[in-house]
Amino acid sequence: MSVGTVRLSAPAIGLPSQRPPKISCIGTRSYLIEAPGDFDLAAQRRIWALSKALANSEDYAELIPGMTNLLVVLKNTPSDPALVVQRLSDQWDCSGELDLVGKTIEIPTIYGGEHAIDLPALCDYSGLSAQDIVTLHAQPIYTVFSVGSAPGFGYLHGLDPRICMPRKSVPSLKMLKGMVTIGGMQTGVAVLTGPNGWNSIGFADITVFDPMAKSPAIMAPGDRVRFVPERIEL
């Protein structure tokens, strides 16, 4: 694994989108803002920009960026929720885009073999050979959109559409930590051993979250990730 050390935030770029976001009330103090349009890097940059802009206000207890969405938690219950929605919408219109340029992480990966328990199903679903799937998965440089669901789990954007595969309707009961997986339009590395609905195509001997480390999670939003084939067992 190769990990850089520099994290830079570039100035806001791009023009405001003409399409409004979807803003939903979650309880009495929380609002979920969902970017319009495609699930892509431009939408995520809008979310990063909005999160940074809102961080300058003292009204918010938490700002939690997700996959092309942002959860905003207010410190106090608003007397006029509609006014909050309007303010968030106005802030969205002028926030532009923010490109987070993080470190690059290289993950040596064993493709195929005993841990690629879902590779045959992905071949059937995509109509591609196992070798084609490995090649298409290893080619991109992925972007970490967000970290969550399990400690340190990075949601990676950049998967080739030809190897996207829906999550399982019935999760595997014991998917091992380190399995390299595909879930919908995303890919990632399993953080914990346990139930998992993503589709495994390989294995990486890597710890992506160490609670005893100075920086427990090795991935952060804006980081780039490359899967480097260490061995291919097909």
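Please read these numbers as outputs of a predicted model, since none were measured by experiment.

*Asks:* Please provide a residue-by-residue account of the nonpolar core, values included.
*Replies:* Counting residues in hydrophobic clusters, the biggest one holds 37 residues, and the most contacted among them are Ile107, Met219, Val225 and Phe227. Listing elements by their share of this core, those giving two or more residues are β8 (104-112), α3 (119-126), α4 (130-138), β9 (142-147), β10 (154-157), β12 (179-183) and β16 (224-233). In terms of residues, this core owes the most to one element, α4, which gives five residues. Apart from the residues lying within four places of it in its own chain, the contact partners of Met219 are Ile105, Ile107, Val144, Val147, Gly154, Leu156, Val208 and Val225. Residues Tyr31, Ile33, Leu54 and Trp92 belong to the second largest nonpolar core, which totals 15 residues.

*Asks:* Provide a residue-level description of unusual backbone geometry, including the pertinent values.
*Replies:* We note that Thr68 has phi near 55°; this positive angle belongs to a residue other than glycine. Tracing the backbone through its elements, the reader meets Thr68 in the loop between β5 (60-65) and β6 (69-74). Positive phi is not limited to glycine here, since Ser149 has a value of about 70°. Relative to the assigned elements, Ser149 resides in the loop between β9 and β10. A relative accessible area of 68% places Ser149 in the exposed class.

*Asks:* Break down the pattern of salt bridges for me, citing the residues and quoting the values.
*Replies:* Using the criterion set out here, one finds seven salt bridges in the structure. Across the salt bridge formed by Arg45 and Asp99, the nearest N and O atoms sit 3.4 Å from each other. One end of the pair, Arg45, is in helix α1 (residues 41-54); the other, Asp99, is in strand β7 (residues 97-101), with 54 residues separating them in the sequence. You can call Arg45 buried: its relative accessible area is 18%. One salt-bridge network, in which partners are shared between bridges, spans Arg45, Asp99 and Arg224.

*Asks:* How would you summarise the packing of α1 against helix α2 (residues 81-95) if you had to cite specific residues and measurements?
*Replies:* Between α1 and α2, whose axes approach to 9 Å, the crossing angle comes to 120°. When you trace α1 past α2, the crossing you get is right-handed. Contacts from Arg46, Ile47, Ala49, Leu50, Ala53 and Leu54 of α1 reach α2 at Leu88, Gln91, Trp92, Asp93 and Ser95. Class assignment for the residues of the contact of α1 with α2 results in seven nonpolar, two polar and two charged.

Criteria and cut-off values
Residues numbered from 1 in each chain as written. Predicted model: local features only at pLDDT ≥ 70, side-chain atom pairs only at ≥ 80, totals over all residues. Heavy atoms only, no water. Core = buried A, V, L, I, M, F, W, Y, C linked by side-chain atoms within 4.5 Å. Buried < 20%, exposed > 50% of the residue type's maximum accessible area, 1.4 Å probe, protein only. Helix = DSSP H or I, 4+ residues; strand = E, 2+ residues; numbered from the N terminus. Contact = heavy atoms within 4.5 Å. Salt bridge = Lys/Arg side-chain N within 4 Å of Asp/Glu carboxyl O. Axes fitted to C-alpha atoms, helices over the stretch in contact; angles between N-to-C directions. Left-handed = near helix turned anticlockwise from the far one by under 90°. Nonpolar A, V, L, I, M, F, W, Y, C, P; charged D, E, K, R; others polar.

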